Amino acid sequence: MKDRIKAIFFDVDSTLYYHGCHDILPSTRAALNALHKQGIRIGIATSRCHSEMRNLPAFFRCFPFAGIISDGGALVMEGKEIVEMHPLPKPLVRKIAALAKTYQRTLRYSTIQGNYFDAPPHQKDKDDFFRLYLNTPTIQPYQDEDALNLLFYTQDPAERKELQKILQGVSCVAYEVVCEINAASVNKSGGVRALAQRWGIEMSEIMSFGDGANDVELLRECGIGVAMGNGCAAVKQVADFVTKRIEDDGIAHALRHYGLLPAQEKEE
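Residues numbered from 1 in each chain as written. Predicted model: local features only at pLDDT ≥ 70, side-chain atom pairs only at ≥ 80, totals over all residues. Heavy atoms only, no water.

A.B. asks: What am I meant to see in the environment of Asp-118 here?
C.D. replies: Turning to its location among the elements, Asp-118 is positioned in the loop between β9 (115–117) and α4 (123–133). You can call Asp-118 buried: its relative accessible area is 5%. For the pair Asp-118 and His-19, spaced 99 residues apart in the sequence, the C-alpha separation amounts to 26 Å. Asp-118 has contacts with Ala-97, Lys-101, Leu-107, Tyr-109, Gln-140, Pro-141 and Tyr-142, leaving out every residue within four places of it along the chain. Within the structure, the side chain of Asp-118 is placed 2.6 Å from the side chain of Lys-101, a separation counted as a polar contact. There is a polar contact of 2.6 Å between the side chain of Asp-118 and the backbone nitrogen of Tyr-142. (Helix = DSSP H or I, 4+ residues; strand = E, 2+ residues; numbered from the N terminus. Buried < 20%, exposed > 50% of the residue type's maximum accessible area, 1.4 Å probe, protein only. Contact = heavy atoms within 4.5 Å. Polar contact = N/O pair within 3.5 Å; in protein donor to acceptor, adjacent residues only side chain to side chain.)

A.B. asks: What am I meant to see in the packing of aromatic side chains here?
C.D. replies: One pass over the structure, following the stated rule, counts ten aromatic pairs. Relative to Phe-209, the ring of Phe-10 has its centre 4.9 Å away and its plane inclined at 25 degrees; by these criteria the two rings are stacked. Taken as a pair, Phe-10 in strand β1 (residues 7–10) and Phe-209 in strand β14 (residues 206–210) lie far apart in primary sequence, 199 residues in all. Residues Phe-59 and Phe-63 carry aromatic rings whose centres are separated by 5.6 Å and whose planes lie at 40 degrees to one another, so their mutual orientation is tilted. Relative accessible area serves as the criterion here: at 17%, Phe-59 is assigned to the buried category. Members of the aromatic cluster, joined through ring pairs, are Phe-59, Phe-60, Phe-63 and Phe-65. (Phe/Tyr/Trp six-rings, centres within 6.5 Å; stacked < 30°, edge-to-face > 60°.)

A.B. asks: For this particular structure, what's the right way to read the pairing of strand β8 (residues 107–110)?
C.D. replies: Here β8 shows a buried face lined by Leu-107 and Tyr-109 and a second buried face lined by Arg-108 and Ser-110. As paired strands, β8 and strand β11 (residues 149–153) are joined by four bridges and run antiparallel to one another. When the sheet's bridge partners are listed, Ser-110 is paired in β11 with Asn-149. The turn linking β8 back onto β9 is made up of four residues. (Pairing = 2+ DSSP bridges.)

A.B. asks: Would you explain the sheet that holds β14 in this entry?
C.D. replies: By definition, the strands of a sheet pair up through backbone hydrogen bonds, in either a parallel or an antiparallel sense. Strand order across the open sheet formed by eight strands is β7-β6-β5-β4-β1-β14-β15-β16, with mixed pairing between neighbours. In the strand order of this sheet, the two ends are held by β7 (81–85) and β16 (241–242), each with one partner.

The following block contains the structure:
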């Protein structure tokens, strides 16, 4: 297995980053360091935007990641170099912003420069955002910037139906309280393919970890896809292996299962 796997990509929230303590658990830190020493490339594939990386713990910010895929796959970077960037069509973003205003819903958009609410958000949406990410986007009306990723906050079926009418030809992942929108065919797996080609390795030589609906294609396309025990049903259905929950050292458990970390004498 060590000879087969050349790179491993991790989702961030609820995969690498545990919201229960807003940190990366010690077992995960040790696992990343051990993989790096083996010469395995370590990458990130997240829906967080580029600027939100500044709010993550120092270990994350200082770790030598080989590549970072952010904004749900819309921005792919190797070091400080942009490999690919896929903004949404500006006329479409204007339509979505207008729909958010019509329904008085919170709309968050991200660019390579920052993270913004198009208008003053509902307090609950703002509080939920801070609870998850320890930051809140700046309030700045959309003015034809290159928007990479949108979050449209609504649970109303009728509003979601109207949103879908204007989302033809783009990527949209619907969650319980929010719809995540990217340009056409943009997802995390596309970013992994771009970096794999750059590094001269095959998708079959890549392992990936994730927990959410936007990780489904990532796990499906990589040689080994691992779903976190705390993950959603959709990601578990496509996974090659369902590991323990994040707080139960799920990443280390899966890496030991595949022989990428030494086995423990006794598994808790």
